[in-house]
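Residues per chain are reported as follows:
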Amino acid sequence: MKTFMVVIPGTTSSVKHYIPLPDKAKLRGVTAVPNSTQTAGTSTVTVGKKGATNKLYQVNLGTTGPGAGVIGVPAKGAQVAAATKAELNEEFGPTNPLEVDIVLVVAGSVGIMITYDEYNVTINEA
């Protein structure tokens, strides 16, 4: 597994950003940390394929992890339950970027750590 970090500005409405992975790989996790206080249920970072029915991971910045909603406290993303096996095994890379949708209660920046499998191992459950 490999990880990399990006910092993206977020607003109080849904804003989509597109991030290419440096290698062809499968998305395996997302962690996010805000620089402004967020509240439960409405501050999210959702990651997946552009135009897909189901996204792959969602981070709830207001309720996930210790000190939820607090500036500088990382929140780990959960796999979206509706994501199918085929969606979870989607290959991303330099020409097929991740779609990152950020919605915040208080505008600010979000640090995002993306974990991906550069070996493209297939997930069999879902």
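These figures come from a predicted structure and were not determined experimentally.

Participant: I'd like to hear about the overall build of the chain, residue by residue, with values.
Facilitator: Along the backbone of the chain there are one helix and nine strands. Start at the N end of the chain and walk to the C end: the helices and strands fall as β-β-β-β-β-β-β-α-β-β. For a compact globule of 126 residues, the expected C-alpha radius of gyration is about 14 Å, and the chain comes in at 14 Å, within 12% of that figure. Oriented by its inertia axes, the alpha-carbon framework of the chain measures out at about 35 × 25 × 25 Å. Long-range contacts, defined here as pairs at least 24 residues apart, represent 77% of the contacts in the chain between residues at least 6 apart. Accessible surface, the chain as shown: approximately 6,100 Å² in total, 58% of it carbon and sulfur. Side-chain charges in the chain split into 10 positive and 9 negative, and the spacing between the mean points of these groups amounts to 2 Å.

Participant: So what's going on with the pairing of strand β5 (residues 57–60)? Which residues, and what values?
Facilitator: Note on strand geometry: in a regular strand, side chains alternate between the two faces of the sheet. One ladder, built from four bridges, connects strand β4 (residues 44–49) with β5; its direction is antiparallel. The residue bridging Thr44 from the neighbouring strand is Asn60, located in β5. Sheet topology places β5 next to strand β7 (residues 78–79); two bridges connect them, and they run antiparallel. Within the sheet, the bridge partner assigned to Gln58 lies in β7 and is Ala78.

Participant: Explain the sheet that holds strand β3 (residues 26–34) to me, and be specific about the residues and the numbers.
Facilitator: What the four strands build is an open sheet, ordered β1-β9-β3-β6; its pairing is antiparallel. Of all strands in the sheet, those bounded by a partner on one side alone are β1 (2–10) and β6 (75–76). Summarising the sheet, β3 and strand β9 (residues 108–117) pair through eight bridges and their orientation is antiparallel. Across the sheet, Ala32 pairs through a bridge with Ile112, a residue of β9.

Participant: Give a description of the pattern of salt bridges that names residues and reports values.
Facilitator: According to the stated counting rule, one finds four salt bridges in the structure shown. Here Lys2 makes a salt bridge to Asp23, at a shortest N to O gap of 3.8 Å. Of this pair, Lys2 sits in strand β1 while Asp23 sits in the loop between β2 (15–19) and β3; the two residues are 21 residues apart in sequence, bridging distant segments of the chain. Glu99 is the partner of Lys55 in a salt bridge, and the nearest nitrogen-oxygen pair spans 2.8 Å. Linking Lys55 in the loop between β4 and β5 with Glu99 in strand β8 (residues 98–103), this pair joins segments that are 44 residues apart in sequence. Glu99 shares its class with Lys55; the two are buried.

Participant: An account of the nonpolar core is requested, with residue identities and associated values reported.
Facilitator: By size, the foremost hydrophobic cluster in this structure holds 28 residues, and its most contacted members are Leu27, Val45 and Ile112. Of all the elements in the fold, those that place two or more residues in this core are β1, β3, β4, β5, β8 and β9. Dropping the residues within four chain positions of it, Val45 is found in contact with Ala32, Tyr57, Gln58, Val59, Leu61, Val100, Asp101, Ile102, Val110 and Ile112.

Conventions adopted
- Residues numbered from 1 in each chain as written.
- Predicted model: local features only at pLDDT ≥ 70, side-chain atom pairs only at ≥ 80, totals over all residues.
- Heavy atoms only, no water.
- Helix = DSSP H or I, 4+ residues; strand = E, 2+ residues; numbered from the N terminus.
- Rg over C-alpha atoms; globule rule 2.2 N^0.38 Å.
- Contact = heavy atoms within 4.5 Å.
- Areas by Shrake-Rupley, 256 points an atom, 1.4 Å probe, with all protein chains shown as cover.
- Lys, Arg positive; Asp, Glu negative; His and termini not counted.
- Charge placed at Lys NZ, Arg CZ, Asp CG, Glu CD.
- Pairing = 2+ DSSP bridges.
- Salt bridge = Lys/Arg side-chain N within 4 Å of Asp/Glu carboxyl O.
- Buried < 20%, exposed > 50% of the residue type's maximum accessible area, 1.4 Å probe, protein only.
- Core = buried A, V, L, I, M, F, W, Y, C linked by side-chain atoms within 4.5 Å.

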